[in-house]
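# Residue-level structure breakdown
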Amino acid sequence: MTRVLLLGGTAEASVIARRFAAQGIDAVYSYAGRTGAPVAQPLPTRVGGFGGVEGLSAWLVAERITHMVDATHPFAAGMSRNAIAAAAATGLPLCGYERAAWEAGEGDDWTHVADIEAAVDALPEEPCRVFLAIGRQTISAFAAKPWHQYLLRLVDPPEGRLPLPDAEIVVARGPFTEAGDLKLLKTRRVNLIVTKNSGGDGARAKLDAARALRIPVIMIDRPVLPPRRIAREVADVMAFLGHPADLGV
Ligand code: NAP
């Protein structure tokens, strides 16, 4: 009998969860527990880390999991590496769901950098109004350039003081629209954007708005993972499980 661990925390994982539920696939959805009120899922859900590769491997065996689907965010590389290692340790098949990365087009002004530290280095010396569209976990790196005014968009209000002396917070959860992001960038007079190359539709509106307003973007490229089976579409995930993919949701 198929029993799947779906590693989630993304809009795409919610789509996969709905498909699993619609097709009656026995699956457990896993959240890291980073946000206060995670989106409800139509599958049994667990929350919190497994305790590294060993903890995950033990959990997979105890829960009689037969397949793992990693639909975590492209920048959740620690979890993805653990899943690859646990799949090797337990012999379970693993499939990573990867949305296509964003690519610059006509009218875009992107500077590609390898990681957060390189993004900090790429910020100019003169003060700017920077939209830091990178979530909450890594913002402290930007304390190295405290002379910029930072705009942060977060899913939950921050707990405690932020490590940035001049930061404004907008609490909002995607998906976002180009019209909404045009308004945000204009009213906050943003003149530089820092973002991770997450890909997907839910967060790309800011890039369309940046192109329209000719705002430069510092684009943090994705971390590189060891090789694994990749799904680009939900149908590929269903094929991985050996299920027909013709029942939409
Ligand atoms: P990470 O750095 O790759 O993971 C750190 C640790 O958090 C993992 O080793 C694991 O702990 C735990 N963890 C991560 N995802 C988990 C999951 N789905 N279920 C159970 N435990 C999980 O991850 P992250 O970048 O902090 O991302 C955390 C969550 O937020 C993920 O679900 C991801 O999809 C979502 N997310 C991340 C980003 C981003 O930019 N990084 C953006 C949007 C959403 P143990 O070692 O104890 O198992």
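Cut-off values and rules
Residues numbered from 1 in each chain as written. Predicted model: local features only at pLDDT ≥ 70, side-chain atom pairs only at ≥ 80, totals over all residues. Heavy atoms only, no water. Near = heavy atom within 4 Å. Polar contact = N/O pair within 3.5 Å; in protein donor to acceptor, adjacent residues only side chain to side chain. Areas by Shrake-Rupley, 256 points an atom, 1.4 Å probe, with all protein chains shown as cover. Helix = DSSP H or I, 4+ residues; strand = E, 2+ residues; numbered from the N terminus. Nonpolar A, V, L, I, M, F, W, Y, C, P; charged D, E, K, R; others polar. Pairing = 2+ DSSP bridges. Axes fitted to C-alpha atoms, helices over the stretch in contact; angles between N-to-C directions.

## A closer look at the site of the ligand
Around the ligand, the surrounding shell holds 23 residues, and the nearest of these are G8, S30, F50, M79 and K196. F50 is positioned such that a nitrogen or oxygen atom in its backbone is 2.7 Å from an oxygen atom of the ligand. One of the side-chain N or O atoms of Q137 is found 2.9 Å from an oxygen atom in the ligand. The fraction of the free accessible surface of the ligand (800 Å²) that becomes covered by protein chains is 78%. Where the shell around the ligand is concerned, the elements lending two or more residues are β2 (27-31) and α3 (77-90). Broken down by element, the shell around the ligand gets its largest block of residues, four residues, from α3. In terms of residue class, the shell around the ligand is made up of seven nonpolar, 13 polar and three charged.

## Some details on the sheet that holds strand β6 (residues 110-113)
Pairing within the open sheet is parallel, and its six strands lie in the order β6-β11-β10-β7-β8-β9. At either end of the open sheet lies a strand with only one pairing partner, and these are β6 and β9 (167-171). When strand polarity is set aside, the average angle formed by the axes of neighbouring strands in this sheet is 20°. Where strand β8 (residues 149-154) meets β9, five bridges bridge the pair, whose relative direction is parallel. Bridge assignment links L154 to a residue of β9, and that residue is V171.

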